[in-house]
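Inside the fold
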Amino acid sequence: MSAEAADREAATSSRPCTPPQTCWFEFLLEESLLEKHLRKPCPDPAPVQLIVQFLEQASKPSVNEQNQVQPPPDNKRNRILKLLALKVAAHLKWDLDILEKSLSVPVLNMLLNELLCISKVPPGTKHVDMDLASLPPTTAMAILLYNRWAIRTIVQSSFPVKQAKPGPPQLSVMNQMQQEKELTENILKVLKEQASDSILVLEAALKLDKDLYVHTMRTLDLLAMEPGMVNGEAESSAAGLKIRTEEMQCQVCYDLGAAYFQQGSTNGAVYENAREKFFRTKELIAEIGSLSLHCTIDEKRLAGYCQACDVLVPSSDSTSQQLTPYSQVHICLRSGNYQDVVKIFIEDNLTFSLPVQFRHSVLRELFQKAQQGNEALDEICFKVCACNTVRDILEGRTISVPFNQLFLRPNKEKIDFLLEVCSRSVNLEKASDSLKGNMAAFLKNVCLGLEDLQYVFMISSHELFITLLKDEERKLLVDQMRKRSPRVNLCIKPVTSFYDIPASASVNIGQLEHQLILSVDPWRIRQILIELHGMTSERQFWTVSNKWEVPSVYSGVILGIKDNLTRDLVYILLAKGLHCSTVKDFSHAKQLFAACLELVTEFSPKLRQVMLNEMLLLDIHTHEAGTGQSGERPPSDLISRVRGYLEMRLPDIPLRQVIAEECVAFMLNWRENEYLTLQVPAFLLQSNPYVKLGQLLAATCKELPGPKESRRTAKDLWEVVVQICSVSSQHKRGNDGRVSLIKQRESTLGIMYRSELLSFIKKLREPLVLTIILSLFVKLHNVREDIVNDITAEHISIWPSSIPNLQSVDFEAVAITVKELVRYALSINPNSHSWLIIQADIYFATNQYSAALHYYLQAGAVCSDFFNKAVPPDVYTDQVIKRMIKCCSLLNCHTQVAILCQFLREIDYKTAFKSLQEQNSHDAMDSYYDYIWDLTILEYLTYLHHKRGETDKRQIAIKAIGQTELNASNPEEVLQLAAQRRKKKFLQAMAKLYF
């Protein structure tokens with residue numbers, strides 16, 4: 001072994017298993033750990049960072065002995081670095097969207113050139129001269145990737161770029177940025193020169209009718225082997241990642257369309273080509289559907305391109321009716337047909353198909369033309385502005401400033417047109433109450449803003465005004481106007497306009513504070529605070545509204561911020577975000593939290609983690625209120641973030657209890673039982689009571705199907721809940737010297753308070769978890785020695801049947817908890833027969849017999865299609881039937897008792913006969929005889945009525961006996977069918993009585 005090799009081996013053996021941060025790429029290079037690194041859930045560094053570092057290391061110039069800078073050497077190390085960069089790109093499946101977003105133009109140019117080189121594309125050969133059909137699939141795909149990137153880069157360079165905020169000037173950084181900028185410009189220059197060739201290459205690719213393959217990490221490894229070791233696999237036509245023809249054509253069509261669209265700014269005829277390519281892309285997306293793995297098209301952007309092409313190049317065979325509203329407006333503006341623009345806008349007030357921003361842009365264009373001397377457009381500007389204002393009003397926005405300016409001098413024509421727009425913009429038969437209310441408020445405000453009573457009466461007498469406003473509102477408005485008019489008319493000296501009076505500083509501050517309270521736009525809030533702090537430095541503007549509430553665990557950290565403006569901004573953004581989340585306005589909450597996160601990231605790691613926690617809670621609420629309600633599972637990223645929160649061990653971070661509750665409830669609701677039972681870290685079980693409770697619930701759910709003796713976790717859960725519901729006894733000596741016993745809750749007995757447990761349970765929605773908790777509390781309720789009527793529940797047998805110290809349990813609190821839990825469970829699923837039976841048993845145990853019957857009947861109805869099918873015997877058990885019998889008996893409905901006695905497995909004749917002997921019955925008595933199918937009971941009724949001399953009722957009973965389907969000689973199937981029919985009719989009649 002050479003000395004150099006010995007040194008290398010010694011260094012390798014002494015190297016730690018975790019590489020230093022400065023040489024991680026060398027570690028991956030020498031240890032061949034790239035694939036293992038990329039398989040991590042969140043690799044650090046990220047894949048794109050690896051590409052940059054590999055290529056930077058491979059392209060480092062060398063220095064010879066004379067200190068002269070030489071090009072990078074073509075040695076084994078540099079070749080391996082380039083190969084590793086290609087393998088990382090292959091891991092990303094050569095997704096240009098990801099690569100372009102994260103890599104600069106020079107780096108991506110180097111990467112794709114290396115791909116061309118390793119794919120055996122001859123250097124210096126023009127791609128346009130190569131026949132793609134005859135090339136190996138991976139070679140053809142490499143050429144396509146390069147040329148797609150080329151035209152995409154050209155298109156992207158034509159877009160305006162927002163300049164990044166310059167940081168502190170550093171000479172080395174500025175030099176590096178300048179070099180990269182010059183290099184990028186040189187590459188773009190070359191790409192633009194070759195743009196026509198790239199387009200021809202991509203057009204030729206659309207004629208290919210075979211699937212292509214792109215290099216994977218496996219094929220790249222094979223290419224890097226010695227020629228004798230490949231065995232032809234890398235050259236195989238099926239080597240690599242398969243890209244279907246339709247997927248390839250879809251991507252190419254979209255990129256060509258974008259290129260043609262960009263060229264259309266200088267050559268209008270090219271828009272036709274762009275239109276053809278974009279519409280072909282839409283067809284291919286429809287063909288591929290959800291099967292596509294490698295075709296990533298921004299469909300919203302594609303729709304925008306198609307819409308723009310429709311406007312710029314209307315289809316020759318389309319009629320005006322078939323054109324989109326965009327196209328119609330564009331054609332009208334080009335032809336100067338402005339009246340038709342007004343008609344389109346009025347029609348759009350019913351359909352809301354045109355975005356508000358587009359409508360306002362049309363108005364701005366008309367204003368510009370009017371200011372250039374075209375006075376004929378003044379009327380059109382008012383009409384378009386009126387249409388836009390009505391649209392704003394219908395959608396709940398405020399009246400715009402241009403409308404107020406144009407309506408300063410109203411006349412009959414303007415008011416007539418405004419009323420016409422309002423009438424045609426509201427379909428009174430289909431419009432919602434809120435929309436009608438918005439329109440009524442607008443018309444009322446317009447009236448209040450008019451000084452001439454003639455114009456007021458024009459509006460108040462209009463049909464729309466009369467329909468939308470009540471008589472009292474109209475009379476009150478007209479009276480207000482009449483009282484105001486003499487004072488207006490008797491003024492000899494013209495009154496100065498309110499808008500001409502200069503406002504004091506206090507008025508301006510008040511107006512800004514009002515806007516601050518109403519605004520939910522984070523950038524507007526920031527601007528208002530900057531203006532307020534510029535007016536006065538003495539106020540604390542986070543106290544403006546008493547509705548702005550921030551949890552006390554956060555407020556101490558926020559109010560400790562030294563800069564007043566930053567403190568106010570952080571506090572208000574967080575308070576408004578929390579309020580929006582509470583009222584389920586999740587979109588505005590997310591904007592506010594994101595702005596707050598961006599702000600605090602600059603100066604406070606502690607507040608940054610606080611905002612990440614709040615955004616996690618917001619995302620949980622958003623999913624639960626949205627797609628989660630339909631049963632769609634949350635994305636894996638959200639589940640990972642929840643796990644990350646539960647396992648977080650950052651010191652000094654203020655934490656809200658509700659977030660831990662929601663995270664554990666979220667895991668239980670989406671059946672992440674494996675994580676809670678097997679993967680949750682041990683320290684969490686000791687430090688977080690909700691995790692402990694969640695683990696016990698998840699484990700009990702898993703063990704439920706097993707034998708009773710294996711349910712150790714159920715016993716642990718029982719003990720935890722018993723402790724939570726326990727109280728301690730404390731003796732106190734009074735003034736008279738006697739000792740009294742006082743019950744006092746002891747917070748240290750359980751892992752949490754009972755109220756906290758109840759709050760947590762009310763965040764659960766998973767039926768099995770709720771059923772287990774309900775059965776536990778029901779069992780705990782039944783353990784009492786003085787209990788008379790047990791409550792039944794599913795899985796009640798898994799819990800222990802006794803408690804060593806009964807006096808320690810607060811059974812009153814347990815009873816209250818059972819009632820609250822059943823009420824909550826039925827709000828989640830009102831059709832659960834087992835929960836309905838529990839509710840009925842509770843009412844039965846508390847002597848509310850009518851309510852108990854209601855829920856017993858409802859439990860049977862939900863599982864039998866309102867008794868059209870037989871009620872399952874595990875729902876109407878003998879115990880349930882006996883309780884229904886007792887309810888009817890205590891309600892003096894004795895005939896119902898006799899009928900229900902037939903429902904038992906063994907008919908209870910003693911109870912039936914005793915109930916029929918009662919003469920003070922509150923039910924319909926003989927009208928129920930048709931529901932009796934047992935001949936013994938019917939014969940007893942006949943005897944009873946004969947004995948009492950009740951001839952009419954005796955005849956009814958004899959008629960019931962004489963029905964042929966009740967003949968004792970009938971087959972068993974006929975008798976059972978007769979019984980089932982009578983059960984169905986009787987239970988339906990009972991349901992109508994008690995529901």
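Residues numbered from 1 in each chain as written. Predicted model: local features only at pLDDT ≥ 70, side-chain atom pairs only at ≥ 80, totals over all residues. Heavy atoms only, no water.

The protein chain appears in an unreviewed UniProt entry as Integrator complex subunit 8 from Suricata suricatta.

1. A closer look at the confidence of the model for the protein chain
In the predicted model, the protein chain carries a mean pLDDT of 80, and 83% of its residues have values of at least 70. Across residues 226–234, where pLDDT falls below 50, the model places nine contacts with residues more than four positions away in sequence or in other chains. The low-confidence segment residues 485–504 (pLDDT under 50) makes four contacts with residues lying over four places distant or belonging to another chain. (pLDDT = per-residue confidence, 0-100. Contact = heavy atoms within 4.5 Å.)

2. Details of the side chain of Glu-662
Looking at the secondary structure, you find Glu-662 in helix H32 (residues 657–669). Despite its burial, Glu-662 pairs with no opposite charge, the nearest such side chain being Lys-763 at 4.4 Å. A polar atom in the side chain of Glu-662 sits 3.3 Å from the side chain of His-621. Beyond its immediate stretch of four places on either side in the chain, Glu-662 contacts Leu-617, His-621 and Lys-763. (Helix = DSSP H or I, 4+ residues; strand = E, 2+ residues; numbered from the N terminus. Buried < 20%, exposed > 50% of the residue type's maximum accessible area, 1.4 Å probe, protein only. Lys, Arg positive; Asp, Glu negative; His and termini not counted. Salt bridge = Lys/Arg side-chain N within 4 Å of Asp/Glu carboxyl O. Polar contact = N/O pair within 3.5 Å; in protein donor to acceptor, adjacent residues only side chain to side chain.)

3. Remarks on the packing of aromatic side chains
Given two aromatic rings, one states the distance between the centres and the angle between the planes to describe the pair. For the structure on display, the rule yields 23 aromatic pairs. Their ring planes at 55° and their centres at 6.2 Å tell us that Phe-403 and Phe-442 sit as a pair that is tilted. Here Phe-442 lies in helix H21 (residues 433–448) and Phe-403 lies in helix H19 (residues 401–406), a separation of 39 residues in the sequence. In this structure, Phe-403 and Phe-442 share a single accessibility class: buried. Aromatic side chains Tyr-909 and Phe-913 sit 5.8 Å apart centroid to centroid with 35° between the ring planes, which places their arrangement in the tilted category. Of this pair, Tyr-909 and Phe-913 both sit in helix H44 (residues 909–917), four residues apart, roughly one helical turn. Owing to a relative accessible area of 29%, Tyr-909 belongs among the partly exposed residues under this scheme. Of the aromatic side chains, those joined through ring pairs into one cluster are Tyr-254, Phe-261, Tyr-271, Phe-278 and Tyr-305. The ring of Phe-279 carries the charged tip of Arg-275 above its face, separated from the ring centre by 4.6 Å. (Phe/Tyr/Trp six-rings, centres within 6.5 Å; stacked < 30°, edge-to-face > 60°. Lys NZ or Arg CZ within 6 Å of the ring centre and 35° of its normal.)

4. As for the environment of Phe-417
Looking at the secondary structure, you find Phe-417 in helix H20 (residues 412–424). Relative accessible area serves as the criterion here: at 10%, Phe-417 is assigned to the buried category. Considered as a pair, Phe-417 and Ala-386 are 31 residues apart in the sequence and their alpha carbons are 8.4 Å apart. Beyond its immediate stretch of four places on either side in the chain, Phe-417 contacts Val-342, Ile-346, Phe-382, Lys-383, Ala-386 and Cys-387.

5. Things to note about helix H17 (residues 356–371)
Compared with the 22 Å implied by 1.5 Å per residue over 16 residues, the 23 Å span of H17 between its first and last C-alpha is a close match. Along H17, the residues classified as buried are Val-356, Arg-359, Val-362, Leu-363, Leu-366 and Ala-370. The buried side chains of H17 occupy one side of the element, clustering within an arc of 125° when seen end-on. Structural note: H17 exposes Gln-357 and Gln-371 on the side pointing more than 90 degrees away from its buried face. Once H17 ends, the next one or two residues include Gly-373, with phi positive near 115°. (Expected span 1.5 Å × (residues − 1). Arc of directions from axis to C-beta.)

6. Comments concerning the pattern of salt bridges
Following the criterion strictly, the structure yields 37 salt bridges and no others. For the salt bridge of Glu-661 with Lys-763, the shortest nitrogen-to-oxygen distance reads 3.3 Å. Taken together, the residues span a long stretch of sequence, with Glu-661 in helix H32 and Lys-763 in the loop between helix H37 (754–761) and helix H38 (767–782) at a distance of 102 residues. A salt bridge links Glu-674 to Lys-702; the nearest nitrogen and oxygen atoms lie 3.4 Å apart. With Glu-674 in helix H33 (residues 673–679) and Lys-702 in helix H35 (residues 689–703), this residue pair connects regions lying 28 residues apart in the sequence. Taken together, the shared-partner salt bridges in this structure form one network comprising Asp-348, Arg-359, Arg-391, Asp-392, Glu-395 and Arg-397.

7. Focus: helix H36 (residues 712–724)
Between the first and last C-alpha of H36 there are 19 Å, a value that for 13 residues agrees with the 18 Å anticipated at 1.5 Å per step. For H36, the full list of buried residues reads Thr-713, Ala-714, Leu-717, Trp-718, Val-720, Val-721, Val-722 and Ile-724. Buried residues in H36 make contact with H35, H37 and H38.

8. What to know about the nonpolar core
Counting 162 residues, the largest nonpolar core has Leu-646, Phe-777 and Tyr-876 as its most contacted members. Mapped onto the domain boundaries, this core takes at least three residues apiece from domain 3 (505–632) and domain 4 (836–994). Residues contacting Tyr-876, with those up to four places away along its chain left out, are Tyr-856, Leu-857, Gly-860, Phe-867, Val-871, Ile-881, Met-884 and Leu-987. Listed in part, the 78 residues of the second largest apolar core include Ala-85, Val-121, Leu-208 and Ile-243. (Core = buried A, V, L, I, M, F, W, Y, C linked by side-chain atoms within 4.5 Å. Domains from an automatic or database assignment.)

9. Overview of the packing of helix H7 (residues 105–118) against helix H8 (residues 137–157)
For the pair H7 and H8, the least separation of the axes is 9 Å and the interaxial angle reads 160°. By the angle between their axes, H7 is roughly antiparallel relative to H8. Note on packing geometry: the crossing formed by H7 with H8 is left-handed. Judged by residue contacts, Val-105, Leu-108, Asn-109, Leu-112, Asn-113, Leu-115 and Leu-116 of H7 engage Ala-142, Ile-143, Leu-145, Tyr-146, Trp-149 and Thr-153 from H8. Looking at the contact of H7 with H8 residue by residue, the classes come out as 10 nonpolar, three polar and no charged. (Axes fitted to C-alpha atoms, helices over the stretch in contact; angles between N-to-C directions. Parallel < 35°, antiparallel > 145°, perpendicular 65-115°, else oblique. Left-handed = near helix turned anticlockwise from the far one by under 90°. Nonpolar A, V, L, I, M, F, W, Y, C, P; charged D, E, K, R; others polar.)

10. Re empty space enclosed by the protein
Under the counting rule described, the total for this entry stands at two cavities of 30 Å³ or more. In this structure, the largest cavity encloses a volume near 70 Å³. As for the largest cavity, its lining consists of His-894, Thr-895, Ser-915, Leu-916, Glu-918, Ser-921, Met-925, Tyr-929, Leu-941, His-945 and Arg-948. For the lining of the largest cavity, the elements supplying multiple residues, two or more each, are helix H43 (894–901), H44 and helix H45 (935–948). Looking at which element gives the most residues to the lining of the largest cavity, the answer is H45, with three residues. For the lining of the largest cavity, the class distribution of residues is four nonpolar, five polar and two charged. Each pocket or cavity is described by its volume, and for the second largest cavity that value is around 60 Å³. If you go around the second largest cavity, the residues you meet are Leu-693, Leu-697, Leu-717, Val-721, Leu-757, Ile-761, Ile-772, Ile-773, Leu-776 and Phe-777. Elements supplying a minimum of two residues to the lining of the second largest cavity: H35, H36, H37 and H38. Looking at which element gives the most residues to the lining of the second largest cavity, the answer is H38, with four residues. When grouped by side-chain class, the residues that make up the lining of the second largest cavity number 10 nonpolar, no polar and no charged. (1 Å grid on protein atoms, 1.4 Å probe; cavity = no way out; pocket = protein on both sides within 12 Å on 5 of 7 lines; lining within 4 Å. Points joined across faces, edges and corners; volume = space filled by probe spheres on them.)

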